[in-house]
Amino acid sequence: MPPTPPTSALRPRLPTPLQPVTDARFEARDVRLLLKRDDRIHPDLPGNKYRKLALNLERARAAGHRTLLTFGGAYSNHLRATAAAGRLLGFATVGVVRGDELADRPLNPSLARCAADGMRLRFVDRSTYRQKTDPTVLAALQRQTATEDAYVIPEGGSNSLAVQGCTALGAELRGHTDVAAVACGTGGTLAGLAAGLAPGQRALGIPVLKGDFLGPEIAGLQRAAFGAPGTNWTLDDRFHCGGYARTTGELTAFADDFEQRHGLPVERVYVAKLLYALTALSEEGAFAPGTTVTAVITGTPPG
């Protein structure tokens, strides 16, 4: 088989555009809103998914791996991006999906896209999925999926290489913003974004999952990538709307309205919650007058 090409063959659009947005809800507080259009990096690997995968793909390529094994939920953008990367670069891909009850159901748009890109899906029960990082459980999953020689990428793509890859996002925002905000699943993007910012800038994470586990996870990722956690980032966990991929009527109405106001298709699992949170925070007076806030648009709606 021919060698897999480098990630540069994907021809990512970098740096990504920075788009000013005129929104009366922010202007009323003298807050300037910018959108960091990371959704335009690549049509098949949008946003933070390219940034998190790039160094992992290079590591897999350098080590001679031909298969990528990774993990995600039924609406995982990470699974979609990994499947697309496999198709474009010649890796076989296997996705371990949380929830064995999904095996006999029609695939949702996200998983259907993964399958169309050649990803082999393996549905596992939630108990097994929670233990997927246990070496014994992982080895069993690899035997079951015939991926003993695969390059393993963790759930959400978050590891030290992913964090290092996301520092470029922060570097691209130096001199342009006071606050850089991003929706958080596993925390790798925020960990790298914060590390790439200049002194005086700060990063804000909006978790899309319930639970207070994310802070220690981000600190651990920064420790693994850089030797110590940073102090220029915070989390606001009030905007998860009930948990991952869950929504409320208020969030749906907000996202619909934002699309109509600004002509931006709003991805609902991550981006909608980020924009909703920033709007609420601005109206609460959380940002001092004169502050520039940048929302990192990490993905696009399925399809």
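See the structure printed just above.
What you see is a predicted model; the values in this text were computed from it and never measured.

Draft legend 1. Region of the structure containing the nonpolar core. Core analysis: the largest hydrophobic core is formed by 35 residues, its most contacted members being Leu35, Leu204, Val266, Leu275, Leu278 and Phe287. Those elements that place two or more of their residues in this core are strand 2 (32-36), strand 7 (179-184), strand 8 (202-207), helix 10 (249-262), helix 11 (271-284) and strand 10 (292-296). The dominant element in this core, judged by the number of residues it contributes, is helix 11, at nine residues. With sequence-adjacent residues up to four places away left out, leucine 204 is seen in contact with Val179, Ala180, Ala181, Val182, Leu190, Thr234, Leu235, Asp236, Leu278, Leu281 and Phe287. Listed in part, the 19 residues of the second largest apolar core include Leu173, Ala180, Leu190 and Ala225.

Draft legend 2. Fine view of the pairing of strand 7. Among the six residues in strand 7, six count as buried, and that is most of the element. A two-sided burial pattern is seen for strand 7, the buried positions comprising Val179, Ala181 and Ala183 on one face and Ala180, Val182 and Cys184 on the other. Two elements, strand 7 and strand 8, share six bridges in a ladder whose sense is parallel. In the sheet register, cysteine 184 faces strand 8, and the bridge partner there is proline 207. Between strand 7 and its parallel partner strand 8, the chain crosses via helix 8 (residues 188-196), and the hand of that crossover is right-handed. Taken together, the three bridges between strand 7 and strand 10 define a ladder with parallel strand orientation. Note that in strand 10 the partner of alanine 180 across the bridge is threonine 294.

Draft legend 3. Region of the structure containing the packing of aromatic side chains. Applying the stated criterion across every chain yields a total of four aromatic pairs. Aromatic pair phenylalanine 254 and phenylalanine 258: ring centres 5.9 Å apart, planes at 40 degrees, arrangement tilted. Separated by four residues within a single helix, phenylalanine 254 and phenylalanine 258 lie in helix 10, roughly one turn from each other. Ring centres of phenylalanine 254 and tyrosine 276 lie 5.5 Å apart, and the angle between their planes is 70 degrees; on these two criteria the pair is classed as edge-to-face. Of this pair, phenylalanine 254 sits in helix 10 while tyrosine 276 sits in helix 11, and the two are 22 residues apart along the sequence. For tyrosine 276, a relative accessible area of 17% gives the class buried. Three or more aromatic residues link up through ring pairs in this structure, and these residues are Phe239, Phe254, Phe258 and Tyr276. Over the ring of tyrosine 270 we find lysine 49; its NZ or CZ atom is 5.7 Å from the centre of that ring.

Draft legend 4. The arrangement of unusual backbone geometry in detail. Note the cis peptide between leucine 14 and proline 15, where omega equals -10 degrees. Here proline 15 is to be found in the segment before strand 1 (18-21). Of note in this structure, alanine 245 is not a glycine but carries a positive phi near 65 degrees. Position of alanine 245 relative to the elements: it lies in the loop between strand 9 (233-235) and helix 10. Looking at alanine 245, the relative accessible area reads 34%, which means it is partly exposed.

What counts, and at which threshold
- Residues numbered from 1 in each chain as written.
- Predicted model: local features only at pLDDT ≥ 70, side-chain atom pairs only at ≥ 80, totals over all residues.
- Heavy atoms only, no water.
- Core = buried A, V, L, I, M, F, W, Y, C linked by side-chain atoms within 4.5 Å.
- Buried < 20%, exposed > 50% of the residue type's maximum accessible area, 1.4 Å probe, protein only.
- Helix = DSSP H or I, 4+ residues; strand = E, 2+ residues; numbered from the N terminus.
- Contact = heavy atoms within 4.5 Å.
- Pairing = 2+ DSSP bridges.
- Right-handed = clockwise from strand over helix to strand, strands pointing away.
- Phe/Tyr/Trp six-rings, centres within 6.5 Å; stacked < 30°, edge-to-face > 60°.
- Lys NZ or Arg CZ within 6 Å of the ring centre and 35° of its normal.

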